[in-house]
Amino acid sequence: MRQRISLALTMLLTLSCSGINTIPAHSSEKKKPIPIPNRLINYSQFEKIVLQSGKLREKRRLSEAQFLKMMSEKNVVVLDARTDKRYEMLHIRGAVNLPFTEFTAQSLAKIIPSKKTKVLIYCNNNFLNNRAAFAEKTAAVSLNLSTFTSLRAYGYTNIYELGPLLDVRTTRLPFSGPHAEIQKLFTVSGDWRSRMADTHTRYKLARIIEGPDSFLTVVQETPDAAGLTLRNLVQSRVGGNSGLVLEDAGSPGRYTLAVSDRALRDYLRQTNQIADH
């Protein structure tokens with residue numbers, strides 16, 4: 001009996017030392033995931049297009065001057081793939097809008113005459129100092145990257161991209177939209193300080209919009225005695241990180257003056273109405 005037990009122990013030790021796995025192999029193997037079929041989703045094809053587009057895209061990135069020159073060429077389409085809301089605020093003059101989420105073969109065909117048409121693209125990450133219209137995206141998911149790749153996937157072969165990061169206040173590229181009009185006012189509204197002492201003209205809050213310097217409060221001139229003076233408005237609004245825009249009471253939507261939040265703060269510091277932090 002003792003000999004049998006000894007023999008069994010000897011065999012177990014021999015198997016252990018030899019590295020032989022006594023556990024069935026199939027029990028430790030991970031099961032491979034079962035593919036979920038969907039003929040309308042193809043990641044490998046997407047990956048292939050991204051890899052193929054990398055070198056080409058770098059050659060097709062344009063400077064401000066090159067983009068401006070190419071815009072003037074015949075039959076060129078400038079495509080803005082931002083949301084329609086941001087497009088309506090401010091966009092490069094002449095650009096057509098088709099939000100990226102609306103890209104289909106049919107929608108693209110309506111605005112781009114042929115697959116060989118020269119298409120110029122730009123996005124949020126091309127412009128500074130208007131966060132409302134050009135909301136900065138994380139660099140790795142910049143809209144230009146997705147737009148370029150998607151246009152290639154749909155068969156468009158003549159795509160060019162605005163390369164640099166530009167200041168909306170100094171770029172040579174022309175803009176259209178309500179914010180473009182407000183932007184112009186920042187350079188010509190030098191008389192707003194004289195209005196501060198005017199207690200006869202009153203103002204009232206009309207509506208709130210987002211503007212090029214920060215969030216801007218739009219106020220409308222009115223003879224309403226219950227309204228606030230411009231000085232009162234400045235004092236009440238400057239603490240909220242807001243600039244000031246005046247709108248013509250007789251022509252709604254026509255802006256007559258714009259003052260940035262920074263200018264308002266500087267004015268109040270000079271008159272000792274707020275502390276300089």
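Structure shown above.
Quick caveat, the model's predicted, so the values are computed rather than measured. (Residues numbered from 1 in each chain as written. Predicted model: local features only at pLDDT ≥ 70, side-chain atom pairs only at ≥ 80, totals over all residues. Heavy atoms only, no water.)

Further remarks concern the overall build of the protein chain. Tallying secondary structure elements over the protein chain gives ten helices and 13 strands in all. Scored against the burial criterion, the 277 residues of the protein chain give a buried share of 39%. The long-range fraction of contacts in the protein chain, counting pairs at least 24 apart against all pairs at least 6 apart in sequence, stands at 69%. Summed over its atoms, the accessible surface of the protein chain is roughly 17,500 Å², and 55% of this surface lies on carbon and sulfur atoms. (Helix = DSSP H or I, 4+ residues; strand = E, 2+ residues; numbered from the N terminus. Buried < 20%, exposed > 50% of the residue type's maximum accessible area, 1.4 Å probe, protein only. Contact = heavy atoms within 4.5 Å. Areas by Shrake-Rupley, 256 points an atom, 1.4 Å probe, with all protein chains shown as cover.)

Here the focus is the sheet that holds strand E7 (residues 159–162). As summarised here, the arrangement of the five strands in space is E1-E7-E5-E2-E4, forming an open sheet in which the pairing is parallel. Among the strands making up the open sheet, the edge pair consists of strand E1 (61–62) and strand E4 (96–97). Pairing of strand E2 (residues 77–80) with E4 involves two bridges; the strand directions are parallel. Looking at the pairing, leucine 79 lines up with valine 96 of E4. (Pairing = 2+ DSSP bridges.)

The next thing to look at is the nonpolar core. Core analysis: the biggest nonpolar cluster contains 24 residues, and Phe67, Leu120, Tyr122 and Phe127 have the highest contact counts within it. Mapped onto this core, the elements with two or more residues apiece are helix H3 (64–71), helix H4 (84–89), strand E5 (119–122) and E7. Among the elements that make up this core, the one with the highest residue count is H3 (three residues). The contacts of phenylalanine 127, once residues within four sequence positions are left out, are Ile92, Tyr122, Phe134, Leu162, Leu165, Leu166, Val168, Leu173 and Phe175. (Core = buried A, V, L, I, M, F, W, Y, C linked by side-chain atoms within 4.5 Å.)

Attention now goes to the packing of helix H2 (residues 43–59) against helix H6 (residues 143–153). It is the contact of H2 with H6, at a shortest axis distance of 10 Å, that shows an interaxial angle of 110°. Classified by the angle between their axes, H2 and H6 sit roughly perpendicular to one another. Considering the relative orientation of H2 and H6, their crossing is right-handed. Between H2 and H6, the residues in contact are Phe46, Ile49, Val50, Gln52, Ser53, Leu56 and Arg57 and Leu145, Phe148, Thr149, Arg152 and Ala153, respectively. Its residues placed into classes, the contact of H2 with H6 shows seven nonpolar, three polar and two charged. (Axes fitted to C-alpha atoms, helices over the stretch in contact; angles between N-to-C directions. Parallel < 35°, antiparallel > 145°, perpendicular 65-115°, else oblique. Left-handed = near helix turned anticlockwise from the far one by under 90°. Nonpolar A, V, L, I, M, F, W, Y, C, P; charged D, E, K, R; others polar.)

Quick look at the side chain of serine 150 now. Among the structural elements, serine 150 can be located in helix H6. In this view, serine 150 contacts Phe100 and Phe103; residues no more than four positions away in its chain are not counted.

Quick look at the pairing of E7 now. A two-sided burial pattern is seen for E7, the buried positions comprising Ile159 and Glu161 on one face and Tyr160 and Leu162 on the other. Judged from the two bridges that link them, E1 and E7 form a sheet pairing that is parallel. Residue arginine 61 lies in a different strand from E7, and its bridge partner there is glutamate 161. With three bridges joining them, E5 and E7 adopt parallel strand pairing. Bridging across to E7, leucine 120 finds its partner in tyrosine 160.

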